[in-house]
Amino acid sequence: MERETVGAQQSTFAASKPDVDVLIVGAGISGIGMAAHMKMLSPDRSFTIVERRAQIGGTWDLFRYPGVRSDSDMHTLGFVFEPWKHEKSIADGPSILEYLNRIADERDIRRHIRFDSKVLSADFDNASAHWVVTLEGPDGQRSRVTAGWLYLGSGYYDYDKPYEAEFTGREEFKGQILHPQFWPEDLDYSGKQIVVIGSGATAVTIVPSMAGRAAHVTMLQRTPTWYATRPAKDAIANFLRKWLPEETAYKITRFKNVKLQNLFFKRARTKPDKVASFLTKRIKALLGDKYDEKAFTPPYKPWDQRLCLVPDGDLFEAIKAGKASVVTDQIERFDATGIQLKSGRHLDADIIVTATGLKMVMAGKIAISVDGVPVDFADRYYYKGAMFSNVPNLAAVFGYLNASWTLRADINARYICDVLNTMKARGADVAVPRLEKGRELDEDNIYDFSSGYITRARHLLPKSASDMRWRLNQDYVRDVAWMREDPIDDGVLQFGHASQAALSDTHIEAAE
C-alpha cells in the first residue's frame, strides 16, 4: 500500500467507526474457530472473514493429493467446542472439510465470509485506532476495509509457491512431475511406476494411498523419518460415545489424547533412546522380514523433527504386500526415464512426486505496517503466543509444533475475545503488548526442531523469550491453564484510546 494513499485516507477514517470490529483473515481452522468463539464470547462485536479462496477449508481445501488426511487425531485437531462425531479419529480431508462447513452453517458464520478476497496489505492508523486493509478480488480489482482488530488465521504455508528442491536434469524427464500442493484432479496413475521424493507426512500419506492402483510406488528418501503408528479408529472414544452424551465423550477423549501426547513428547526429550527403541520395535513387528534398518533408522532423535503418523500401519502394509518400497539414497540427476541415484542405481518412473516440503511465510505474506512503517516480525517478540511486541490490535495463530494446530487456535481465540471484552469494559480502542525499547529479554529458541521447513524460514519468524508472556510456548497442558489464570491486565498489555495518539509508543520500534 502506498504511504501517500494511506495518509490521504486517514483523515477520513479518523473519528469514525470501523467497517467491522474484527477482520479475520482466512476461513480455515483458525478463522472459523475465531468466528465461533466470537459468537459465543463476544457476540456484541462484529466480524468479517476474508478468504482468498472460493470456499471454506484453508489447508484442507488447498491440498487434494491422494489420501490427504490429518496427521493427528481429530479429538485434538477438532475444536474444543465442537465434538468430532466420525468413527475414524484420523480423518481424511473431505471429512475435515465437512466438519468445518457444518460448523460454519450451524453457527451462522458463512454469511460473514467474503470469499475470493486476498489481503494485500494492512496498515494500523494510530490516530483512528483502525486497520486500513487493502483487498484484491479475482478480477484484480482492489478495495479497502477498516477494522478495529486484525486476526490472522492464514496459517504459515505459502499457498502460491511450495518448496521445490533443485534437481539436475529435471527438464529431461519425459513423464509427469507433480508437487502435492498442486495435484491435478484428473490424474490417472493406474499401472504406473511412481517415485515419491521425500519421507515426511505428505509422502507417508501419498505412498500407501497410490499403491493400490499403481504398478509400484517407491518412496525415495535422503534421510529416514521416525514413524508412530496408531489405529485410525479410537476404540476408547467410540466406546464412550455409545454410553455417554456426545459432548462428555468428546471431552474425556480429548483430555486423554492431550495428556498422552504431552507425556510422549516429554518422554522423547528426556529419554530419547528409549523412545527410539520403542518406535523401532513397533516398525520391526509390522514389517517382519521386510524391515530395512537403513530405511528406518533416522540420524536424529525422536521429536527433533515432527513424528510422522502412520494410521493402521498402512505404509508398512503396502511395503509388505510388495506394492511399495523405501529407497534411501541421494539423487544424482533426473533423466528421460526416471532418477539416477548417486549409488549407481536407477529408479524407473512414469510419475515423479516431489513431496520435498512446503514453504513457510509470516502473516500470510500480507504487508503489515503501523502508521506506514513496515513491521518486521523477526524483530518482534511473541506475546502470549497470540500477539506481538509493540504491534496494536493484532493477533495471529501459529499452531503447536509438537501437537495439533487447533489446540493453539482455541487458546488464542478465547484469549482475544477476553481482550476484546476488557477493551469494551474500559472503553478502550487500542490494546498493545508494550516492550520498552532497550529492555533485554532472555531469548529462547522455541523452534528447536531440525525440520527443513522451519530451518529455511527461521529468519522470518518472531522471537520468544524464557518469560512466558513473551513466548510462543510449546506445552499445551501448561499453556491452557496459564492463559486462563494470568490476568488480561498483566501490566504488559496496555490499553488506550484513538484520541490518545500519544499512546503512540504503540508504534515504538521493535525492542533492541
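Residues numbered from 1 in each chain as written. Predicted model: local features only at pLDDT ≥ 70, side-chain atom pairs only at ≥ 80, totals over all residues. Heavy atoms only, no water.

A. Structural detail: the overall build of the protein chain. The secondary structure content of the protein chain amounts to 13 helices and 23 strands. For the protein chain, whose C-alpha radius of gyration is 24 Å, the value lies close to the compact-globule estimate of 24 Å for 512 residues. Dimensions of the protein chain, computed from C-alpha atoms along their principal axes, come out at roughly 75 × 55 × 45 Å. Taking all 512 residues of the protein chain together, the buried fraction comes to 56%. Considering only contacts in the protein chain between residues 6 or more positions apart, those separated by 24 or more positions represent 72%. Counting only carbon and sulfur atoms, one obtains 49% of the accessible surface of the protein chain, whose full area is about 21800 Å². (Helix = DSSP H or I, 4+ residues; strand = E, 2+ residues; numbered from the N terminus. Rg over C-alpha atoms; globule rule 2.2 N^0.38 Å. Buried < 20%, exposed > 50% of the residue type's maximum accessible area, 1.4 Å probe, protein only. Contact = heavy atoms within 4.5 Å. Areas by Shrake-Rupley, 256 points an atom, 1.4 Å probe, with all protein chains shown as cover.)

B. Expanded view of the sheet that holds strand E14 (residues 338-341). If you trace the 3 strands from one edge of the open sheet to the other, you get E13-E14-E15, paired in antiparallel fashion. Each edge of the open sheet carries a strand with a single partner, namely strand E13 (331-335) and strand E15 (346-348). Shown here is a sheet whose adjacent strand axes are inclined to one another by a mean of 20 degrees, direction ignored. Pairing geometry for E13 and E14, over 4 bridges, is antiparallel. Paired with Ile331 across the strands is Leu341, a residue of E14. (Pairing = 2+ DSSP bridges. Axes fitted to C-alpha atoms, helices over the stretch in contact; angles between N-to-C directions.)

C. How the structure looks around the environment of Leu407. Relative to the helices and strands, Leu407 resides in helix H11 (residues 405-426). A relative accessible area of 3% places Leu407 in the buried class. With sequence-adjacent residues up to four places away left out, Leu407 is seen in contact with Thr76, Arg254, Val258, Tyr400 and Tyr476.

D. Representation of a nonpolar patch on the surface. A grouping of Phe239, Trp243, Leu244 and Ile252 is seen on the molecular surface, where their side chains present a nonpolar patch of about 450 Å² in accessible area. Within the secondary structure, Trp243 sits in helix H7 (residues 235-243). Overall, Trp243 belongs to the exposed group, its relative accessible area being 64%. (Patch = residues over 30% accessible without salt bridge, like charges linked within 9 Å, V, L, I, M, F, W, Y side chains within 5 Å. Salt bridge = Lys/Arg side-chain N within 4 Å of Asp/Glu carboxyl O.)

E. Molecular detail of unusual backbone geometry. Despite not being glycine, Asp108 shows a phi value in the positive range, around 55 degrees. The exposure class of Asp108 is partly exposed, given its relative accessible area of 33%.

F. Seen up close, the pattern of salt bridges. On inspection of all chains with the given rule, the structure shows 30 salt bridges. With its nearest N and O atoms 3.1 Å apart, the salt bridge here joins Asp158 to Lys365. A residue pair is termed long-range when its members are at least 10 positions apart, and Asp158 in the loop between strand E6 (142-152) and strand E7 (176-178) and Lys365 in the loop between strand E16 (351-354) and strand E17 (367-370) qualify at 207 residues. Taking relative accessible area as the criterion, Asp158 reaches 3% and is therefore assigned buried. Here Lys365 falls in the partly exposed class, since its relative accessible area comes to 40%.

G. Layout of the packing of aromatic side chains. Under the counting rule described, the total for this entry stands at 20 aromatic pairs. Arranged with centres 4.9 Å apart and planes meeting at 10 degrees, the rings of Phe79 and Phe81 form a pair that is stacked. Overall, Phe79 belongs to the buried group, its relative accessible area being 0%. Under the relative-accessibility criterion, Phe81 is labelled buried at 15%. Between Phe79 and Tyr99 the ring centres are 6.0 Å apart and the planes differ by 15 degrees, which places this aromatic pair in the stacked class. Of this pair, Phe79 sits in the loop between helix H4 (74-77) and helix H5 (93-106) while Tyr99 is found in helix H5, placing the two residues 20 residues apart along the sequence. The class for Tyr99 is buried, based on a relative accessible area of 2%. The rings of Phe79, Phe81, Trp84 and Tyr99 are connected pair by pair, giving a single aromatic cluster. If you follow Arg213 out to its NZ or CZ, it ends over the ring of Tyr189, 4.3 Å from the centre. (Phe/Tyr/Trp six-rings, centres within 6.5 Å; stacked < 30°, edge-to-face > 60°. Lys NZ or Arg CZ within 6 Å of the ring centre and 35° of its normal.)

H. Structural view of the nonpolar core. In this structure, Trp149, Leu150, Tyr227, Phe296, Ile368 and Tyr415 are the most contacted members of the largest nonpolar core, which totals 138 residues. It is H11 that provides the largest number of residues to this core, a total of 11 residues. The contacts of Tyr227, once residues within four sequence positions are left out, are Ser199, Val204, Met219, Gln221, Leu279, Ile283, Phe296, Cys308, Val310, Leu315 and Phe316. By size, the runner-up hydrophobic cluster in this structure holds 13 residues, among which are Val195, Val327, Phe334 and Ala349. (Core = buried A, V, L, I, M, F, W, Y, C linked by side-chain atoms within 4.5 Å.)

I. Representation of the pairing of strand E12 (residues 324-328) in the model. Burial runs high along E12: 5 of the 5 residues are buried. Neither face of E12 is exposed, since Ala324, Val326 and Thr328 on one face and Ser325 and Val327 on the opposite face are all buried. Direction of pairing for strand E9 (residues 216-221) relative to E12: parallel, over a ladder of 5 bridges. The residue bridging Val217 from the neighbouring strand is Ala324, located in E12.

J. How the structure looks around the sheet that holds E16. A sheet is described by the order of its strands in space; here 5 strands give the open sequence E7-E16-E8-E9-E12, paired in parallel fashion. Looking at strand neighbours, the two that pair on one side only are E7 and E12, the edges of this open sheet. Ignoring strand direction, the axes of neighbouring strands in this sheet form an average angle of 20 degrees. Each of strand E8 (193-197), E9, E12 and E16 touches helix H6 (residues 201-211); the most contacted strand, E9, lies at about 165 degrees to it.

As far as function goes, none of this settles anything; it's purely spatial.
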